[in-house]
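Here is what each chain is made of, one letter per residue.
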Amino acid sequence: MILKAEGIVLKVFDLRETSRIATFFTKEHGKFKGVLKGIRQDPKKFGSHIDRFSVNDIVYYHSHKSDLHLVSQCDLKQYFFPIREDYRRNMAANYVLELVDVIMPLEEANTKVYHLMTDFLNSLEKTGDIDRLIHIFQIKILLFSGFRPHIDSCVKCGRKIQSTARFSIHSGGLLCSLCPTIETSFMVISQGTVASILHIEGSDWGKSLRLGLTKTVKKELKYILNNFLVYHLGRTIKTAKYLKENT
């Protein structure tokens, strides 16, 4: 079966001496892996070098026997030069690619995640606040992928929380002051941080960008989101070192 898609390159590696295997996240079909035969031997065979986080129009033969499909056409659509020319922007883009690759399953369409990625990359070209973009992306991909933390009420008793609360990494959400816990992996967070997460979850990308984040909120978001992702995904995001380099 021949399929067409618009996709972002998540990662790519060489196959033997002439070909490459790329992982794409597409608008139409979600994440898939494809082999581009002969691209290293004859780069002009395809209209793209399949560089990471480039957007491409793709035609591929979908295999029913394997999760590796044959790409017959791949034409470059958007390259994001300003991101590639700046170290911090480049690292932020690669963090998002790895996060999507880890969270999203193969061949499960999710147009919200695809548009989230393109919104992020377009904003990353010109933003002066990379950390804010990262936090907005983290909050939204957790929501769109079904991994969101429980912050609407106490994760244990269900009570509404009207003041400062504790965020439990192990429990995956907020704990009220009445619920005891013996765990130490929690952080006291402000109502401002909770309100910021809920606002971003309920807003489109453009409206989320207009939300101001104080230093305190950014600090709390960094702890909550980074640790929550690592704990519940069960693995470290390698490119998360970007976040540590830019505290």
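Structure: see above.
These numbers come from a predicted model, not from an experiment. Starting from 1, residues in each chain are numbered consecutively following that chain's sequence as written. Reporting of local features is limited, given that this is a predicted model, to residues whose pLDDT is at least 70; pairs of side-chain atoms are given and counted only at 80 or more, and all residues count toward the totals for whole chains, interfaces and linings. As a convention, hydrogens and water are excluded, and side-chain values are obtained from all of the structure's heavy atoms.

Enquirer: Hey, could you run me through the sheet that holds strand β1 (residues 2–15) in this one?
Expert: Adjacent strands of a sheet form backbone hydrogen bonds with each other and so pair up, either parallel or antiparallel. DSSP calls a pair of strands paired once it identifies at least 2 bridges connecting them. In this description a helix means any DSSP run of H or I spanning at least four residues, a strand means any run of E spanning at least two, and both kinds are numbered starting from the N terminus. Spatially, β1-β2-β3-β5-β4 is the arrangement adopted by the five strands of the closed barrel, whose pairing is mixed. Recorded for the sheet is a direction-independent mean angle of 50° between the axes of neighbouring strands. As defined by bridge partners, β1 adjoins strand β4 (residues 55–61) across seven bridges and the pair is classed as antiparallel. The residue bridging Lys4 from the neighbouring strand is Val59, located in β4. For helices, the fitted axis covers only the stretch in contact; all axes are lines through C-alpha atoms, and the angles between them, taken along N-to-C directions, range from 0 to 180 degrees.

Enquirer: It is not clear to me how the nonpolar core should be interpreted in this structure. Could you clarify?
Expert: In a soluble, globular protein the nonpolar side chains are often hidden away together inside. Leu99, Val100, Met117, Phe120 and Phe137 are the most contacted members of the largest nonpolar core, which totals 57 residues. Those residues in contact with Val100 that sit more than four places away from it in its chain are Leu10, Phe25, Val113, Met117, Phe137 and Ile141. Counting residues in hydrophobic clusters, the runner-up holds 14 residues, among them Leu3, Phe32, Leu36 and Tyr60. Only buried residues count toward a nonpolar core, which is a set of Ala, Val, Leu, Ile, Met, Phe, Trp, Tyr and Cys residues joined through side-chain atoms within 4.5 Å. Relative accessibility thresholds used throughout: buried, under 20% of the residue-type maximum; exposed, over 50%; partly exposed, between the two (1.4 Å probe, protein chains only). We call two residues contacting when some pair of their heavy atoms lies within 4.5 Å.

Enquirer: Would you take a moment to explain the side chain of Thr193 for this structure?
Expert: Positionally, Thr193 belongs in helix α5 (residues 191–202). Residue contacts for Thr193: discarding those within four places in its chain leaves Val217, Glu220, Leu221 and Ile224.

Enquirer: Looking at this model, I keep getting lost on the sheet that holds strand β7 (residues 173–175). Mind explaining?
Expert: Taken in spatial order, the three strands make up an open sheet running β7-β6-β8, and their pairing is antiparallel. In this open sheet, the two strands that pair with only one neighbour each are β7 and β8 (186–189). Strand-to-strand, the axes of this sheet are offset by a mean angle of 35°, without reference to chain direction. Both strand β6 (residues 165–168) and β7 contribute to a ladder of three bridges, which runs antiparallel. Bridging from a neighbouring strand, Phe167 pairs with Leu174 of β7. Those strands touched by helix α7 (residues 215–233) are β6 and β8, and its axis lies near 150° from that of β8.

Enquirer: Just to check I follow, could you spell out α5 for this structure?
Expert: Quick reminder: α-helices carry 3.6 residues per turn. Residues three or four places apart thus point the same way. One less than the number of residues in a helix, times 1.5 Å, gives the span that helix is expected to have. For α5, with 12 residues, the first-to-last C-alpha span of 16 Å sits near the 16 Å given by 1.5 Å per residue. Three or more residues of α5 are buried, namely Thr193, Val194, Ser196, Ile197, Ile200 and Glu201. Across the axial projection of α5, the buried residues extend over an arc of 160°, all falling on one side. The arc in question is traced by the directions running from the helix axis to the C-beta atoms.

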